[in-house]
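# Notes for the structure review
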Amino acid sequence: MMEAIRVPRIGPGRPRVRPDHVLGDKGYSSKAIRTWLRRRGITHTIPERADQVRNRARRGSQGGRPPAFDREAYKHRNIVERCFNRLKQWRGIATRYDKTAQSYEAAVTLASLLMWA
């Protein structure tokens, strides 16, 4: 999924594939995702899961430093969450009735356009 990130440019030009910053929830706190973002030079704000905090504390000094976390930046994530919740009001999107990814994406696009208008 992370490979599919596209940030449209204002004006002409193809979309960027490297965003300036990624805000994610605890589902994206795995070491593999953090490493992938770090290698690509993408800053991120992702909280740690409780089990990761416990495991790091259990290992003591070998556990390493906790990843940086900006609470103020994380507060902006609610805008995206509210959009997802509004999209889930469409039964076909919430239950994923569509058989193909293409038709599901079309349904999300249509619902987004209707919400925008």
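Just so it is clear, the structure is predicted and the values come from calculations on it, not from any experiment.

## Examining a nonpolar patch on the surface
- On the surface, a cluster of nonpolar side chains totalling about 280 Å² of accessible area is made up of Ile 79, Val 80 and Phe 84.
- Residue position: Ile 79 is located in helix H4 (residues 78-87).

## Some points on the packing of aromatic side chains
- Per the counting criterion, the structure on display carries 1 aromatic pair.
- Measuring from centroid to centroid gives 5.3 Å for Phe 69 and Tyr 74, while their planes differ by 55°, and the two rings are tilted.

## With respect to the layout of surface pockets
- Of the voids in this model, the largest pocket is the one considered here, and its volume is about 1,100 Å³.
- Contributing to the lining of the largest pocket are 27 residues, with Met 1, Tyr 28, Val 80, Glu 81 and Phe 84 lying nearest its centre.
- Elements with a contribution of two residues or more to the lining of the largest pocket: strand S1 (21-23), H4, helix H5 (91-95) and helix H6 (101-116).
- The dominant element in the lining of the largest pocket, judged by the number of residues it contributes, is H4, at 6 residues.
- For the lining of the largest pocket, a count of residues per class yields 16 nonpolar, 5 polar and 6 charged.
- Residue contributions to the lining of the largest pocket reach at least three from each of two domains, namely domain 1 (1-69) and domain 2 (70-116).
- Volume-wise, the second largest pocket comes out at about 370 Å³.

Thresholds, definitions, all that
Residues numbered from 1 in each chain as written. Predicted model: local features only at pLDDT ≥ 70, side-chain atom pairs only at ≥ 80, totals over all residues. Heavy atoms only, no water. Patch = residues over 30% accessible without salt bridge, like charges linked within 9 Å, V, L, I, M, F, W, Y side chains within 5 Å. Areas by Shrake-Rupley, 256 points an atom, 1.4 Å probe, with all protein chains shown as cover. Salt bridge = Lys/Arg side-chain N within 4 Å of Asp/Glu carboxyl O. Helix = DSSP H or I, 4+ residues; strand = E, 2+ residues; numbered from the N terminus. Phe/Tyr/Trp six-rings, centres within 6.5 Å; stacked < 30°, edge-to-face > 60°. 1 Å grid on protein atoms, 1.4 Å probe; cavity = no way out; pocket = protein on both sides within 12 Å on 5 of 7 lines; lining within 4 Å. Points joined across faces, edges and corners; volume = space filled by probe spheres on them. Nonpolar A, V, L, I, M, F, W, Y, C, P; charged D, E, K, R; others polar. Domains from an automatic or database assignment.

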